[in-house]
Amino acid sequence: MIRVLVAEDSQAARLLLVSMLEADPDIEVVGEGGDGEAAVAAAKRLRPDVVTMDIHMPRLDGLEATARIMNEAPMPIVVVSAAVSARDVASTFDALKAGALAALPKPVAGGGAAGEEERQGFVAIVKAMSRVKVVRRWSGAFATVGARGAPPKQQDRPVGDEVRNPSTAPITPSTRRATLVAIAASTGGPTALQEVLSGLPGSFAAPVVVVQHIAKGFIPGFASWLDGECELRVKLAEPDEPLVAGTVYIAPDDRHLGVTPARRIKEIEGKPVNGFCPSASVLFESAADAYGDSLAAVIMTGMGSDGVSGLRRVIGKGGYVIAQDEASSLIYGMPGEAVAAGVVDISLPLNLISTYLQKLVR
């Protein structure tokens, strides 16, 4: 059984969450907290497998409660937020930065088939996060995380020895020049992206296009939050706008993101690919077709295999592929699948990706 603690100040919302979670035969709600102080105390006493954490609570809000739990009794935390204001959104992503693993919209009762699908997705994420191992997170420190049951670790190649196979010549940053960076991430991506993008200078000489899988409604606030965390300009991508160096373009909800040979944003309407819209594979394929061997593609932490088919196009067009390594990935799904498929030039720890990108984009 997966033991869950529910922290939520609204009694109605708390009852809904408890009933949703306990409808799954693998979940037992072992405790409830009506405010942040109670949530911290219950987490330390009950040691649940995962905590669902509301942001707005009396005595201690969800951000401070998350920080205290990650400092005093680290465990998986999923932030549950209505995200109705800029402050809500900022607090939600600050809670991820403090150590929470994922952000989900607050479920609502009813809603028919769409509402039921959303609730099933909510429960699935809570269950998945319960399997993530976390460590103590001191204030200002970066947490080390990893997933139990991740794919077998692939052999990482050292920097400077990024050979796709023994018959090819070594490819090093000194012999490459990228003019576009395309990045895809899913679970664990918001804070991973924050670390990579904040490591790039405002003078970074290429545009960056990003697909981040996240619950619907969070993307505008995510772009705004990232913009405040980076020297680079971060914004939502808009159809047909020019790609400008030093700017990060985030894919909006429910639209695939692409680029054109004329170096402009292209929004692509269509059905979900690999279950996602926007899809990492659609982005990588479009960028590879437009930029060829001057593309640097980065695949980061996340569940599933989205992006792998698109990276085959990147490789075929002569582009360069970086994967986040297993040790620094919250979930080694997407990058692990890419490594296993042989479509990665190099696997790097999270804290080296921005430095390596600066070598490729110079």
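See the structure above.
My aim in this report is to walk through the structure given alongside it, one point at a time. (Residues numbered from 1 in each chain as written. Predicted model: local features only at pLDDT ≥ 70, side-chain atom pairs only at ≥ 80, totals over all residues. Heavy atoms only, no water.)

1. Looking at the environment of Leu 197
Then step 1. With respect to the secondary-structure elements, Leu 197 resides in helix α6 (residues 189–198).
Then step 2. Look at Leu 197 and you get buried, because its relative accessible area is 0%.
Then step 3. Separated by 30 residues in sequence, Leu 197 and Asp 227 place their C-alpha atoms 9.5 Å apart.
Then step 4. Ignoring sequence-local partners within four residues, the contact set of Leu 197 consists of Ile 183, Val 208, Leu 226, Cys 230, Leu 232 and Val 248. (Helix = DSSP H or I, 4+ residues; strand = E, 2+ residues; numbered from the N terminus. Buried < 20%, exposed > 50% of the residue type's maximum accessible area, 1.4 Å probe, protein only. Contact = heavy atoms within 4.5 Å.)

2. Some points on the sheet that holds strand β15 (residues 320–324)
Then step 1. Spatially, β10-β11-β9-β8-β14-β15-β16 is the arrangement adopted by the 7 strands of the open sheet, whose pairing is parallel. In this open sheet, the two edge strands, each paired with only one partner strand, are β10 (233–236) and β16 (346–348). Within the sheet, the average angular offset between the axes of one strand and its neighbour, ignoring direction, is 20 degrees.
Then step 2. Where strand β9 (residues 208–212) lies against strand β11 (residues 247–250), 3 bridges are found, and the strand directions are parallel. Residue pairing in the sheet places Val 210 in a bridge with Ile 250 of β11.
Then step 3. This element, helix α8 (residues 280–291), spans β8 (180–185), β9 and β14 (295–299) of the sheet and lies at about 170 degrees to β8. (Pairing = 2+ DSSP bridges. Axes fitted to C-alpha atoms, helices over the stretch in contact; angles between N-to-C directions.)

3. Topic: α8
Then step 1. Helix length check: α8, at 12 residues, gives a terminal C-alpha distance of 16 Å against a target of 16 Å (1.5 Å per residue), a fit within 8%.
Then step 2. The element α8 is largely enclosed, with a buried count of 10 among its 12 residues.
Then step 3. For α8, the set of buried residues is Ala 280, Ser 281, Val 282, Leu 283, Phe 284, Ser 286, Ala 287, Ala 288, Ala 290 and Tyr 291.
Then step 4. Where α8 is buried, its residues contact β8, β9, β12 (256–259), β13 (265–268), β14 and α9 (308–316).
Then step 5. Measuring from the side-chain oxygen of the N-cap residue of α8 to the backbone nitrogen of Ser 281 gives 3.1 Å; that N-cap residue is Ser 279. (Expected span 1.5 Å × (residues − 1). Polar contact = N/O pair within 3.5 Å; in protein donor to acceptor, adjacent residues only side chain to side chain.)

4. Structural notes on unusual backbone geometry
Then step 1. Between Cys 277 and the following residue, Pro 278, the backbone shows a cis peptide bond with an omega angle of 10 degrees.
Then step 2. Within the secondary structure, Pro 278 sits in the loop between β13 and α8.
Then step 3. Phi at Asn 274 is positive, roughly 55 degrees, even though this residue is not glycine.
Then step 4. Considering the arrangement of structural elements, one finds Asn 274 in the loop between β13 and α8.

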